[in-house]
Amino acid sequence: MDREIPSPPPFAGEGGPRSGSGEGSATSGEVAPSPACSAGTLPRKGGRVFGGATALLILLPALTLWRFVATLPPLDLTQASLRSTVILDRDRHLLRPFATADGRWRLPVTGADVDPRMLAMLKAYEDRRFADHPGIDPAATLRAAWQWLRHGRIVSGGSTLSMQVARLVEPRPERSLSAKLRQMVRAVQLERRLGKDGVLDLYLALAPYGGPVEGLRAASFAYFGREPARLSFAESALLVGLPQAPEARRPDRYPARARQARDRVLDIAAARGIITPAEAKAAKAEPVPDQRKPFPMFAAHAAEAAVAADPAARVQRLSLDGRLQASLERLAAERAAAMGPGISAAILAIDNRTGGVIAQVGSAGYLDASRSGAIDMTGAIRSPGSALKPFIYALAFENGIAHPETLLDDRPVRFAGSYAPENFDLSYQGTVTARRALQLSLNVPAVDLLEAVGAARFIARLRGAGARIDLPRDTAPGLPVALGGLGITLTDLARLFSGLARGGSVPDLIRRLDGPAASPPPELRVTEPVAAWYVADTLRGAPPPENALPNRIAFKTGTSYGYRDALAVGFDRRVTIAVWVGRPDGNAVPGLVGRAVAAPILFDAFSRFGGEPDSVPMPRDALVTSTAGLPPPLRHIRKDVPKTLSAALGSALKIAYPPDGARIDLGLAEPGPAPSLALKALGGVPPLTWMVNSLPVAESARRQSEWSPDGAGFARISVMDASGASDSVVVRLE
């Protein structure tokens, strides 16, 4: 039978009875504890109490923090991710930024866009243990807590870069413990979601710099006018020190405070070995900017069109060459200013190989209201003057009607009974080759060829090549379209000429490089390769403007009726450049002539493009010969004489000026020497002999001469050529 062993009694304080003297007494059947046993149990009891208290001190804040975190909404970075829309050139250089919807300048930027030593300055100044902590720096937090307990107020926040980003993501005006606790929680969440690089990128994008300027890149342009990767040590230090007090340290308002903040950053950078003391000293000697710079506004019209086409895209990369764009904008502004008030200019450049628009200058100054700078004249419908003549010749060449060496007549003539075009200088050249007629932009031969190919067919060809052609309302295409009797944009004009450089294939213009991939459009042609080369080779020999070298580029000028528009378009194998000069309101400008005004700008634009011109290559099927070597049907286009060279050259001799029966006021009644009367003839075989009232007065190898009359009255003027042919007119001199 087992003997029952009594259980030990409970200890004092654990439910056992207490003696009045404080010494334990045993009841019947109980064994009192020994003094040694009682002493050994007291430390264990105290340890448990301390451990429980410590656990409580830890669990209660942890529970409180857990409940606080549970009450926070999910971290929302939607607003923080908003950026200004930026337009970049083909090399990703900034052309133009746009403010956000609420008026802030917040340009996209990452750590990769910043000088590494500037990032080192930032970390040394704001958070030197940034790489080691999880979003909260315990040492900085304890320091801030001690300062708070000691001073009874918040002296320093102990904020890390991550906590500053949390404050920028969720801005709160108050400085309280709850706000600080929220920042700490958000800092940890940001680091877990974005990582160190992501947090740093967010700081660089959101850091305040005073006014509407936010982010390092926007501040870099606002105060220094360039990208943050190109800043000096002094400039970098200034931008590191501003966000702590962006309004109080704004350089444009408080330059002394800004300098003080900058120098402190430089001192810290030198102390941490980021820069040398000598570099810090040199940086302190640099001035602090005292005003903000305007943000870049290159290719303003192209940028606005890109944003309108895709408003959701925050970054758009265009095909423009930023260097060329800036240079041509300066060129247009300088030349327009030199021509007087109200004058504007537009320039468009196309890469002939790709069809990319590499420069688009819509006006002489986007912000210049006196010149209607907001109007993009590259897309305005204007009269091209004679600029479309090359495509009349191309159509004639393509259809076997003419060749560059075909002989054409340049003499007074009426087409369709009533249309009588005149040359710009009111003179005539007689019989010339098609090459020479196009190079001199003679009007009569161009209209003669248009009549042969058909005006309606010519317009259809231009429209089929993708050009928008506007004709006067309720009118059919007629012969005046040869001399500018239609409307076309400078962009379409440039596309057509680019087609000549590409063997007749008109490019589909590329304006954006990062857009969605599109299927290749069908090929549009303005002419065939041989005809395109004939025109290009002819225009390459056109007389250049003053101070320009000949045979460099193929070009054509145009002047609209009434001196409202001056145009010049030139090309080589590489690039096509089109220039327009005039008033956007369409008013006339005396002396506005394409050759004198637009052509010099064109040649200057080509020099700014750089490199040596590259002529369009000759196709294998091209026929290079003289007029005599052409097949008879191509030697001339006259239908009233045989297709022989002698017949073409032997056109009838005729006096072109003065006309028969004219009354000419030479001011003969005025005192002084008698003025000269111009004498002009067409056709015939030089030399020509001029006679007045049957008396010889001049002999010339040219078809032009002059005579000084000895008094007023009637005069019979005659001319005789080397073959004996003659013509006479009777005029009255007054």
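Residues numbered from 1 in each chain as written. Predicted model: local features only at pLDDT ≥ 70, side-chain atom pairs only at ≥ 80, totals over all residues. Heavy atoms only, no water.

**Regarding the overall build of the protein chain**
Across its full length, the protein chain carries 20 helices and 24 strands. The burial tally for the protein chain puts 47% of its 734 residues in the buried class. For the protein chain, contacts bridging at least 24 residues in sequence account for 68% of all contacts bridging at least 6. Total accessible area on the protein chain stands at roughly 36300 Å², and carbon and sulfur atoms take up 55% of it. (Helix = DSSP H or I, 4+ residues; strand = E, 2+ residues; numbered from the N terminus. Buried < 20%, exposed > 50% of the residue type's maximum accessible area, 1.4 Å probe, protein only. Contact = heavy atoms within 4.5 Å. Areas by Shrake-Rupley, 256 points an atom, 1.4 Å probe, with all protein chains shown as cover.)

**Some thoughts on the nonpolar core**
Formed by 78 residues in total, the largest nonpolar core has its most connected members in Leu388, Phe391, Tyr393, Leu450, Phe458, Leu496 and Phe571. Apart from residues no more than four positions distant in its own chain, tyrosine 393 is found in contact with Leu408, Ala434, Ala437, Leu438, Pro445, Ala446 and Leu449. Judged by nonpolar contacts, the second largest core, of 58 residues, contains Val199, Tyr223, Ala237 and Leu238. (Core = buried A, V, L, I, M, F, W, Y, C linked by side-chain atoms within 4.5 Å.)

**Details of the packing of helix 2 (residues 116-126) against helix 8 (residues 255-271)**
Orientation of helix 2 relative to helix 8, taken along the N-to-C sense of each, is 95°, at an axis distance of 9 Å. Judged by the angle between their axes, helix 2 and helix 8 are roughly perpendicular. Between helix 2 and helix 8, the residues in contact are Met121, Ala124 and Tyr125 and Arg264, Val265, Leu266, Ile268 and Ala269, respectively. The residue makeup of the contact of helix 2 with helix 8, split by class, is 7 nonpolar, no polar and 1 charged. (Axes fitted to C-alpha atoms, helices over the stretch in contact; angles between N-to-C directions. Parallel < 35°, antiparallel > 145°, perpendicular 65-115°, else oblique. Nonpolar A, V, L, I, M, F, W, Y, C, P; charged D, E, K, R; others polar.)

**Some details on the packing of aromatic side chains**
A complete count under the given rule lists 8 aromatic pairs for this structure. By the ring-pair criterion, three or more aromatic residues cluster together here, those being Tyr393, Phe397, Trp533 and Tyr534. For the cation-ring pair, lysine 196 lies above phenylalanine 130, with the distance from its terminal atom to the ring centre recorded as 4.5 Å. In this structure, arginine 257 is placed above the aromatic ring of tyrosine 254, and the distance from its NZ or CZ to the ring centre is 4.5 Å. (Phe/Tyr/Trp six-rings, centres within 6.5 Å; stacked < 30°, edge-to-face > 60°. Lys NZ or Arg CZ within 6 Å of the ring centre and 35° of its normal.)

**Description of the pairing of strand 2 (residues 94-97)**
The sheet contact formed by strand 1 (residues 86-88) and strand 2 spans 3 bridges and is antiparallel. Looking at strand 2, one finds that leucine 88 is bridged to leucine 94. Here strand 1 folds back onto strand 2, and the loop between the two strands holds 5 residues, one of which, arginine 92, carries a positive phi near 70°. (Pairing = 2+ DSSP bridges.)

**Quick word on the sheet that holds strand 20 (residues 688-692)**
Ordered in space as 18-24-23-20-21, the 5 strands form an open sheet in which the pairing is mixed. The open sheet terminates on both sides in strands that have one partner only, identified here as strand 18 (663-664) and strand 21 (695-700).

**Examining helix 10 (residues 300-309)**
Three or more residues of helix 10 are buried, namely Ala300, His301, Ala302, Ala303 and Ala306. Along its buried surface, helix 10 packs onto strand 1, strand 2, strand 5 (315-317) and strand 7 (357-361).

**Focus on the environment of leucine 266**
Tracing the sequence through the fold places leucine 266 in helix 8. Each C-alpha atom of the pair leucine 266 and glutamate 279 lies 8.9 Å from the other, and the pair is 13 residues apart in sequence.

**Things to note about the pattern of salt bridges**
Opposite charge on two side chains allows them to pair when their charged atoms are near. Evaluated as defined, the whole model comprises 35 salt bridges. When the shortest N-O distance is used, the salt bridge between aspartate 368 and arginine 371 registers 3.2 Å. Of the residues examined, arginine 371 reaches a relative accessible area of 11% and is grouped as buried. By sharing partners, the salt bridges in this structure join Asp102, Arg104, Arg106 and Glu214 into a single network. (Salt bridge = Lys/Arg side-chain N within 4 Å of Asp/Glu carboxyl O.)

**A closer look at the side chain of serine 344**
As for its position among the elements, serine 344 is in strand 6 (residues 344-351). Note on serine 344: relative accessible area 1%, which makes it buried. Discounting residues that sit within four places of it in the chain, serine 344 has contacts with Ala336, Ser363, Ala364, Arg371, Trp580, Val581, Gly582 and Pro584.

**Focus: the sheet that holds strand 1**
Ordered by their spatial adjacency, 3 strands build an open sheet running 2-1-5, and the pairing between neighbours is mixed. With partners counted over all chains shown, the strands left at the sheet margins are strand 2 and strand 5, one partner each. Adjacent strand axes in the sheet meet at a mean angle of 20°, parallel and antiparallel pairs treated alike. As defined by bridge partners, strand 1 adjoins strand 5 across 3 bridges and the pair is classed as parallel. If you follow isoleucine 87 over to strand 5, its bridge partner there is glutamine 316.

**Quick word on unusual backbone geometry**
Cis peptide bonds are those with omega within 30 degrees of zero, and the linkage from tyrosine 657 to proline 658 qualifies with 5°. With respect to the element layout, proline 658 can be found in the loop between strand 17 (654-657) and strand 18. With a phi angle near 60°, asparagine 551 is a residue other than glycine that sits in the positive phi range. Among the secondary structure elements, asparagine 551 is positioned in the loop between helix 17 (529-540) and strand 14 (554-559). The partly exposed category is assigned to asparagine 551, whose relative accessible area is 45%.

**Brief notes about the environment of arginine 595**
Mapped onto the fold, arginine 595 is located in helix 18 (residues 594-609). Residues arginine 595 and glycine 558, 37 residues apart in the sequence, show an inter-C-alpha distance of 7.4 Å. One polar contact links the side chain of arginine 595 to the main-chain carbonyl oxygen of proline 544, over a distance of 2.9 Å. (Polar contact = N/O pair within 3.5 Å; in protein donor to acceptor, adjacent residues only side chain to side chain.)

**Some details on helix 7 (residues 233-241)**
When you tally the buried positions in helix 7, you get 9 out of 9 residues, the bulk of the element. Listed in full, the buried residues belonging to helix 7 are Phe233, Ala234, Glu235, Ser236, Ala237, Leu238, Leu239, Val240 and Gly241.

**Details of the side chain of glutamine 164**
Note that glutamine 164 resides in helix 4 (residues 161-169). By relative accessible area, glutamine 164 is classed as buried at 10%. Separated by 2.9 Å, the side chains of glutamine 164 and glutamate 126 make a polar contact. Glutamine 164 has contacts with Glu126, Ser159 and Tyr203, leaving out every residue within four places of it along the chain.

**A few points about the packing of helix 12 (residues 389-398) against helix 15 (residues 455-464)**
Where helix 12 meets helix 15, the closest approach of the two axes is 11 Å, and the angle between their N-to-C directions is 105°. Classified by the interaxial angle, the pair formed by helix 12 and helix 15 is roughly perpendicular. On helix 15, the residues touching Phe391, Ile392, Leu395 and Glu398 of helix 12 are Arg457, Phe458, Arg461 and Leu462.

**A word on the environment of tyrosine 561**
Along the chain, the position of tyrosine 561 falls in the loop between strand 14 and strand 15 (565-571). Take tyrosine 561: its relative accessible area is 77%, and that puts it in the exposed class. Along the backbone, tyrosine 561 and glycine 484 are 77 residues apart, and their C-alpha atoms lie at a distance of 7.6 Å.

**Notes on the confidence of the model for the protein chain**
The pLDDT averaged across the protein chain works out to 87; a share of 85% of its residues lies at or above 70. Overall, residues 1-40 carries pLDDT values under 50, and its contacts beyond four positions in sequence, including any with other chains, amount to 9 contacts. (pLDDT = per-residue confidence, 0-100.)

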